[in-house]
Amino acid sequence: MAGETVITVIGNLTDDPELKFTPSGAAVANFTVASTPRVFDRQSNEWKDGDALFIRCAAWRQLGENVAGSLQKGQRVIVTGALRIRNFERQDGSRGTSVEINVDEVGPSLRYATAQVQRTQRSDNAGGFGGGGGQGGFGGAPQQGGGQANPWATQPGQQGGADAWGGGQATDEPPF
């Protein structure tokens, strides 16, 4: 989408992501990232925290389900997405402004931690531009019956049994 302001924020989750569903069935995970700059004070010869930035984030559909199933309060994350400014009216009638990120990508920071990445099974109508509403979800079992096979599961010209990384038995590990 042209003209959007895309930013990347690195910080810690202030709480567990909250997973909700819209009336149409689309999943959304809402969470807040606190990013605190650290600066070295030469006079005191120590590191000091600057003013923290708290920014609300919304991850939609399969990404939202993956966030809710993977991330927890306190974890350091890297979030990138479109910056959104929303004007609203409070109950007392005053007006307010909210700054949020509509998340495109999110993941754990590996600076101070390790992670095990696990692919999720896609349902035919999950992700993409078509919206949620499908079966499956985070860590769900593969769909039974109906639908198309995953086109990335095999190399061109091969029958089933090879993974998307190129050969051998299907695994989630790359060949290197």
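Procedures and definitions
- Residues numbered from 1 in each chain as written.
- Predicted model: local features only at pLDDT ≥ 70, side-chain atom pairs only at ≥ 80, totals over all residues.
- Heavy atoms only, no water.
- UniProt positions renumbered as here; feature names shortened; annotations may be inferred.
- Helix = DSSP H or I, 4+ residues; strand = E, 2+ residues; numbered from the N terminus.
- Contact = heavy atoms within 4.5 Å.
- Areas by Shrake-Rupley, 256 points an atom, 1.4 Å probe, with all protein chains shown as cover.
- Phe/Tyr/Trp six-rings, centres within 6.5 Å; stacked < 30°, edge-to-face > 60°.
- Salt bridge = Lys/Arg side-chain N within 4 Å of Asp/Glu carboxyl O.
- Buried < 20%, exposed > 50% of the residue type's maximum accessible area, 1.4 Å probe, protein only.
- Core = buried A, V, L, I, M, F, W, Y, C linked by side-chain atoms within 4.5 Å.
- Polar contact = N/O pair within 3.5 Å; in protein donor to acceptor, adjacent residues only side chain to side chain.

Looking at an unreviewed UniProt entry, one finds the protein chain named Single-stranded DNA-binding protein and attributed to Aeromicrobium camelliae. Listed under Subunit (unreviewed entry) in UniProt, the entry text for the protein chain is "Homotetramer."

Colleague: How would you sum up the overall build of the protein chain? Please name residues and give values.
Modeller: Each helix and strand in the protein chain was counted, giving one helix and eight strands. From first element to last, N terminus to C terminus, the protein chain shows the α and β order β-β-β-β-β-β-α-β-β. Expressed as a percentage of contacts within the protein chain between residues at least 6 apart in sequence, the contacts between residues at least 24 apart total 52%. For the protein chain, the accessible surface area stands at approximately 12,800 Å², while carbon and sulfur atoms represent 48% of it.

Colleague: Got a sec to walk through the packing of aromatic side chains? Specific residues and values, please.
Modeller: Per the stated rule, a full pass over the model turns up one aromatic pair. A ring pair is formed by F40 and W47, whose centres lie 5.4 Å apart and whose planes are at 65 degrees; its orientation type is edge-to-face.

Colleague: I'd like to hear about the pattern of salt bridges, residue by residue, with values.
Modeller: Enumeration according to the criterion identifies six salt bridges in this entry. The closest approach of N and O atoms between R38 and D49, which form a salt bridge, is 2.8 Å. With R38 in strand β4 (residues 38-41) and D49 in strand β5 (residues 46-49), this pair connects stretches of sequence that are eleven residues apart. By the burial criterion, R38 is exposed, and D49 matches it.

Colleague: Any chance you could break down the nonpolar core for me, citing the residues and the numbers?
Modeller: Membership of the largest hydrophobic core comes to 15 residues, with the highest contact counts inside it found for F31, V33, C57, V79, V103 and V106. When residues of this core are traced back to their parent elements, those giving at least two are β1 (6-13), β3 (27-35), β6 (53-60), β7 (76-89) and β8 (95-108). Sequence-distant contacts of F31, that is, excluding residues within four places in its chain, are made with L13, P17, I55, R56, C57, A59, V67, V79, V103 and V106.

Colleague: Could you give an account of the environment of D16, naming the residues involved and the relevant values?
Modeller: With respect to the helices, strands and loops of the structure, D16 is situated in the loop between β1 and β2 (18-21). In this structure D16 comes out as partly exposed when scored by relative accessible area, which is 45%. Along the primary structure D16 and Q72 are separated by 56 residues, whereas in three dimensions their C-alpha atoms are 4.7 Å apart. For D16, the residues in contact, after removing those within four places along its chain, are Q72 and K73. Only 2.8 Å separates the side chain of D16 from the backbone nitrogen of K73, close enough to count as a polar contact.

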